[in-house]
Amino acid sequence: MTGIVALPLLAAGVGLGLWSLLVWLIPPRRPLADLVAAVRAAPVPPPFVMEPATGGDGGGWAATLGRPLVGLLRAAGLPGHSMARDLTVTGRTVEVHLAEKAALGACGLLLPLAVESVLAAAGSPNGWATSTGAALALAAAGFVTPDVSVRTEATRRRKAIRHALGSYLDLVHILLAGGAGVTGALHDAATIGHGWAFQQIRRALHTAQATRTTPWQMLAELGDELGVRELSELAASLSLAGSEGAKVRASLAAKAAALRARGAADAEVAATAATERMAFPTALMAFGFVLFIIYAAMSHVTNSL
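What this report covers is the structure whose coordinates are included nearby. These numbers come from a predicted model, not from an experiment. Numbering of residues begins from 1 in every chain and follows the order in which that chain's sequence is written. Note on the predicted model: pLDDT of at least 70 is required for a residue's local features to be given, and 80 or more for side-chain atom pairs to be given and counted; whole-chain, interface and lining totals, by contrast, use all residues. No hydrogens and no water enter the side-chain calculation; it runs on all heavy atoms of the structure.

**A closer look at the overall build of the protein**
The way it works is that DSSP assigns letters per residue, a run of H or I at least four long becomes a helix, a run of E at least two long becomes a strand, and they are numbered from the N terminus. For the protein, the helix and strand inventory stands at 12 helices and zero strands. Reading the helices (α) and strands (β) of the protein from amino to carboxyl end gives α-α-α-α-α-α-α-α-α-α-α-α. Looking at the 305 residues of the protein, the share that counts as buried comes to 29%. The contact definition used throughout considers only heavy atoms, calling two residues in contact when any of these lie within 4.5 Å. Within the protein, contacts between residues separated by at least 24 positions form 65% of all contacts whose residues are at least 6 apart in sequence. All accessibility values rest on the Shrake-Rupley procedure with a 1.4 Å probe; residue burial counts only the protein chains present in the view. On the protein, roughly 18,300 Å² of surface is accessible, and the fraction owed to carbon and sulfur atoms is 69%. Throughout, exposure labels follow a simple rule: accessible area from a 1.4 Å probe, protein chains only, divided by the maximum for the residue type, with under 20% read as buried, over 50% as exposed, and the rest as partly exposed.

What follows is the structure, encoded as structure tokens:
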């Protein structure tokens, strides 16, 4: 009787845990009506204020549970330089990231052992060797899952800033053609755009204005901070224009055209990959249909013998 009661409770607990992990990995999307309203809303001019590089990130249940282990992971040398840069791009703090790694790793380690303990108490053990192997595998998967999530988000944001940089260079080129100076064109073009990428560019320009440094120097530092090579190349071109009087309009136009061509090529590659991924479920359905027909035919032949 104890096993009959324990197994449904155990199954419900495991299902709830898997559902919570799935919601954490793939958060629900916003309703379509909200997205349409956001697109149709009138744009609000951005204020001329310093904008932070990263937003606040208090984390969820995983960050709360794993916070006591952050010091241990920091002592182990985590995160690495590449991951720290990706965290800067995504706007997440190191503490929250390490806390999530610790919490998910601990949950993955303890879940199979807890299941085995309940099964052993119910009189139907599954074997501690199997549970230990599953615990180690789930612990490793939970530990690296936040890294995969951060790297995916950082890659998406770097693509966004490259796309926005092409539009920004077009605006700067137009302002330079209208007779504006290099510094004025950089600031005016940054106030026109919206979104995270333009916020980062405005932040760099406002920092340069507040610290009395050149805009291209801060753009170069922003490129190093975010790991976007195109920003560093732009800073080098602007440095030549500012210090040696080089003609920058043609250089900016060529760079904007190159960014647009690269964006179009990346979009084409992504569309091709999506098409190939769509072919796999179709082939799998066709294989299942053929297998169903063959099974029915073989069953009929076997029964008639």
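**A few points about helix α5 (residues 81-90)**
What α5 keeps buried is the set Met-83, Asp-86, Leu-87, Val-89 and Thr-90. One side of α5 carries all its buried residues, which in axial view fall inside an arc of 160°. The secondary structure elements touched by the buried residues of α5 are α6 (94-122), α7 (128-177), α9 (196-211) and α10 (215-226). Backbone geometry just after α5 places Gly-91 at a positive phi near 80°. Directions from the helix axis toward the C-beta atoms define the arc.

**Quick word on the pattern of salt bridges**
In what follows, salt bridge is the name for a side-chain nitrogen of Lys or Arg lying within 4 Å of a carboxyl oxygen of Asp or Glu. The tally for this structure, following the rule as stated, stands at 15 salt bridges. Salt-bridge contacts for Arg-262 lead to Asp-266; the nearest nitrogen and oxygen are separated by 4.0 Å. Of this pair, Arg-262 and Asp-266 both sit in helix α12 (residues 249-304), four residues apart, which is roughly one turn of the helix. Connected through salt bridges with shared partners, the residues Arg-162, Arg-229, Glu-230, Glu-233, Lys-255, Arg-262 and Asp-266 form a single ionic network.

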